[in-house]
Amino acid sequence: MSLVSIEFIGFVIISLLLYYMIPKKYQWIMLLVSSISFYLIGGTTAILYLIFTTLTTYFAGRLLGKCNKEDKKYADIIKKKKRLIVLVTALLNFGILFFLKYWNPVADMINNTLQVEKISRLELILPLGLSFYIFQSIGYIIDVYRNKYDPERNVFKYTLFTSFFPQMVQGPISRFDSLGNELFSEHKFSWDNLKDGIQLLMLGYFKKLVIADRAAVVVNAAIGNYTEQSGSVLLVAMILYCIQLYCDFSGGIDVTRAVAKMFGITLVDNFKRPIFSTSLTDFWRRWHISLGSWMKDYLFFPMSMSKPFVKFGKFVRKHIPGKAGKILPVSMVTFIVYFVIGIWHGGSLKYIAFGFWNGILITTALLLEPFFIKVKQKLNITDKNKLFYIFQIVRTSIIVLIGRYITRAPRLLAVFDMARITFTNFNLSNVFDGTMMNFGITVTDYIVIIVGTMIMLIMEAIDEYGVGTKKILEKKKVIIQWILLMISILTITVFGICRGNYIASEFIYKQF
Amino acid sequence: MTSKKWCIMFFASVILVVIMYAMFNVLVDPFGVFGDKIFDWYSYNMTNNPRVAKTAYLDKHYNEYDSYIIGCSSTSSFPTEDLNKYFDAKFYNLIMYGADMLDVEKTSEYIIDNYNVKNLILNVYITNGYKYDEEEDNLTRNLHAKVGGENPISFYGRYAFLDMQYSLAKIKSKREDTYLTKPSDVFDVSSGAYDKKVRDVEPIGNLEKYLEAYPVFKNYPQESIELTAIDKTTESINKIKQKCDENGINLIVVASPVYEKYLEYFPKDDVKEFYTKLAQVTPFWDFTTSIVSREPRYFYDETHFRNAVGTMMIGKIAGSDDVYIPEDFGTYVTLENVSEHVETLWTIENEEEYTKQVPIIMCHNIVENPTEDSEISPERFEEQIKRLSDEGYIAVLMQDLVDYVEKGKELPEKPICITFDDGYLSNYEIAYPILKKYNMKATIFVIGSTVGCQTNYKNTEHPITPHFTIEQAKEMVESGIISIQSHTYDMHQWAPYEDAEQPRENILKFENETEIEYMDALKKDISKIKEVVEQSGDELIAVAYPSGKSETLTNVVLNANDIKATLTIEKENNTIIKGLPQSLYCLNRFNMYEALTADEMIKLIEGD
């Protein structure tokens, strides 16, 4: 069920009504029923994977919990046992994830390289929310391993944690200690929550339906046929792709959080206005935050603290003097993390390249930091310098844009082609000579995209630097609030429904 | 504002938007189910879904009709004027594109139950044998709730909460609407048929050019289709038949022509079974195959024949003898002859000729010592006429071509048309005697406003080459040698001599002129030239375009004003086709000039 469908809204309304009508102590059961129904509506076989992950991590959690309670005398044995449990559970689940997600792409890659069908493709379905619930439950296992909290004893409650329906489509990846309590506790109906939910929902639909879906039409048409485009058109299409990606992803998260909010549940935010990032590291702290923090907590830190790495660090410091020696081990781990993030995006060489691109830039930046500081001092630039701040934002945007070239290219090698076209055959006039009209949307649609994006950016700027859009709006007179509300509803209805994909009824007459 | 108040405001606003949304669709009404009060544009609504919009239209206008013809898209090619003429009735064409027999059955039942019906013509197409009830799009292909029996709430609800782009498209199309048929409004509201005013003036002649323009007939695709719905379809027809009998309605069932190669799609036994079972239900007129099926120029595509063929069919059914009907066209199939008839469907034996190559030559002024391309000396002219006569050419008039096309009246073996433009005095003084001498007929296209101008260009000081008078014209017409026709009354002005800011040098629409203004101007001009032609004792049937230029709208207006032939100055031959009036539009002409010897002329006109 798509987050933007009428069916989804109907589903949410019915679930909400039931949720607040039944006795509060059964509310979590209602949520579980909704979640399982939601999953089953999407397809029946996929739920087996969800059950598998849920059960393996549930029992692993229980076992780890027992271990945590055992006598400290046998600490060494217990530690080994616990590690084994985590290892086996993680391998099983990531194994499934890798198999389902990467078998066919890898098979294609190998077959294409060898020009023979060495590995056959499999008819695999990718279960809804697969990587989200696996990451979420592995995080849970590791937390229990670290004895951060006790494992959940009730398998149904735990199932609700892995299957909570709003976050099945696009995440975010939540933590048990924050989400669990919210899910299982009793919630009184609150107008505040409903209002916040509706507002967030409208924002999400605005981003997704009005902006992203329109931009997508151009992006698919232009980049799907990138060899035919001139550089300027390609660049515009790529900028539209960045807009599309952000609006679609963050809009989806807005809808997810909005729905959760209406149930009285607060989900972590996944985006923090990434357009205002001042560096690539900053960008990754603002973009897909829950994935980044998962990586930090469950990959970056454990790896940095692991014995081999500590040893390696000592070795490096001994042999490479100065700051570089200190930074190098950290850079190595950073590099590996971004490499994994790259692969997480999909099973294609281009995503590995994407990981490299981020890894290389961030490690280089780390290594060159002392040099940059010196340059800044010489040029008399402080961090308060506004021009420098703008420069940082622009620079980061360009770096991100280049990264998007890598992920959006049809194949890895196409990236170079696209880059070549962008630089060698720029031909700016093509943006204005009607070429852009051949991509399936009209001038009105372009205006909608531009105005929509500007409105979104203004709101984000107010949130970033000011008191917040919401606060400002709430202070306005009722009539003004109502007018703005009507405009918003109309905009979403009219521009959301009338997207670029409308096919006029077929006029048969032309045939004779 | 409290959150509670805000939420209530939100829900109220949503309800308001929903109501506004529905109101918008109801008012614009792109399918015409809510009365289309604002636009009253049923040709558009019918294009979106003829089933729904026609029911809505007829519910308001059924008093204007007493007979109906019903069926899938080919039904549109039965001109209602012809039906009205022969049946002395007021027909409405209930063509519903893509109609299956269930649509036809339900709609027939509805009109019989609710309207006054004298005649019902049922057009059964061979495709009705393989689809009885298609899974249909429920906006553009479904029946009206009143006809199909759907729950009205779901029916009207669906059109009220329609994707509003249908409504926006209607508004947009309205802004771009023109007099000419556009893909968005293809129906003629009052007759119910497709508006064919453009198709009916589409010039057709040479076969190769036609195949070029209609590539579907070249490399005809091969397919195989089994007729799996014969029983259901004939059962459906039976129900209609019963209902007509009960209500004393004259039911005529017609099986329409198919393009020959299309028939090969269907297994022979299936077709035989279909027609046999049909004959068991009702006698019917079968036009499926004949010499017409062989000729792509009678078709738009493999299943859609032109209105000209519809005229032939109606003529045949009504037993008319003033339209061309091929020998083997149409059989009245009954239980007695069906078994014999179905065997003959795959053999077309008729070899009759129905096309003719007619060269047309064009002259202007005849002068001693010609200096221009449009001038020719008396000697050269006589040489050419003599040569034509010697070669066995028989000169014919425009009316002869019209009779050939409309009535199938034969032309001489080697016909030729001799034509003069403008109406110079030399035509009367020099050409007329020579033509008489060789007994060669000719048509002179006069410019009405300059008839009789001897010295001055119209009422100006400017000099003019002398033009013959109306009396002289009359004398020539009376002789039977000459026909006077139109080169427009005053749409071939000589710009340097005109005071008007924008002189009309030809018959085309000015760019800054509206369609209405242009059509008015053209109609006025036609009525004036008609008067001149009638003064000469002739009847206006042909127009030679000034400078040979024309556009679609010109032809549409000319056709609507009974102009049967039009002539250009393209130097090519002509093929005219029996039963196909369009073949007389935009006829080509070879210019005769001084340097052209008689030998060269013969070579020119005998080429393709």
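Residues numbered from 1 in each chain as written. Chains lettered and ligands numbered in written order. Predicted model: local features only at pLDDT ≥ 70, side-chain atom pairs only at ≥ 80, totals over all residues.

**Describing helix H14 (residues 349-378) of chain A**
Residue and element names in this part refer to chain A.
And step 1. Along its 30 residues, H14 runs 41 Å from first to last C-alpha, staying within 8% of the 44 Å computed at 1.5 Å per residue.
And step 2. When the local axis directions of H14 are compared, the greatest deviation, roughly 55°, occurs at Leu368, which is followed within four positions by the proline Pro370.
And step 3. For H14, every residue scored as buried is listed here: Lys350, Tyr351, Phe354, Gly355, Trp357, Asn358, Gly359 and Ile362.
And step 4. Those residues of H14 that are buried are in contact with helix H10 (280-286), helix H13 (322-345), helix H15 (386-408) and helix H16 (412-424).
And step 5. Asn380 sits one or two residues past H14 and shows a positive phi near 65°. (Helix = DSSP H or I, 4+ residues; strand = E, 2+ residues; numbered from the N terminus. Expected span 1.5 Å × (residues − 1). Bend = angle between axes of the 7 residues up to and from the residue. Buried ≥ 20, exposed ≤ 12 C-beta atoms within 10 Å, placed from the backbone. Contact = placed C-beta atoms within 7 Å.)

**Describing the packing of helix H8 (residues 191-224) of chain A against helix H1 (residues 3-28) of chain B**
And step 1. At a closest axis distance of 8 Å, the pairing of H8 of chain A and H1 of chain B adopts a crossing angle of 45°. Taken together, H8 of chain A and H1 of chain B sit at an angle that is classed as oblique. Read as a crossing pair, H8 of chain A and H1 of chain B show a hand that is left-handed. Mapping the contact onto sequence places Trp191, Asp192, Leu194, Lys195 and Ile198 of chain A in H8 of chain A and Ser3, Lys4, Trp6, Cys7 and Phe10 of chain B in H1 of chain B.
And step 2. For the contact of H8 of chain A with H1 of chain B, a count of residues per class yields 6 nonpolar, 1 polar and 3 charged. (Axes fitted to C-alpha atoms, helices over the stretch in contact; angles between N-to-C directions. Parallel < 35°, antiparallel > 145°, perpendicular 65-115°, else oblique. Left-handed = near helix turned anticlockwise from the far one by under 90°. Nonpolar A, V, L, I, M, F, W, Y, C, P; charged D, E, K, R; others polar.)

**Here we look at the interface of chain B and chain A**
Quite often, the size of an interface is put as the accessible area lost when its parts meet.
And step 1. Facing 29 residues of chain B, the contacting portion of chain A comprises 24 residues.
And step 2. Elements supplying a minimum of two residues to the side of chain B that touches chain A: H1, helix H2 (42-48), helix H8 (165-175) and strand S6 (299-301) of chain B.
And step 3. It is H1 of chain B that contributes the most residues to the side of chain B that touches chain A, 10 residues altogether.
And step 4. Partitioning the side of chain B that touches chain A into residue classes produces 15 nonpolar, 11 polar and 3 charged.

**Here's the deal with the domain arrangement of chain A**
Residue and element names in this part refer to chain A.
And step 1. By the assigned domains, chain A splits into domain 1 (6-188), domain 2 (190-271 + 413-512) and domain 3 (274-408).
And step 2. Residue-level contacts link 15 residues of domain 2 with 14 residues of domain 3.
And step 3. Among the elements of the structure, helix H9 (231-262), H16 and helix H17 (443-465) are those that each provide at least two residues to the side of domain 2 that touches domain 3.
And step 4. The dominant element in the side of domain 2 that touches domain 3, judged by the number of residues it contributes, is H9, at 4 residues.
And step 5. Considering only residue class, the side of domain 2 that touches domain 3 consists of 11 nonpolar, 1 polar and 3 charged. (Domains from an automatic or database assignment.)

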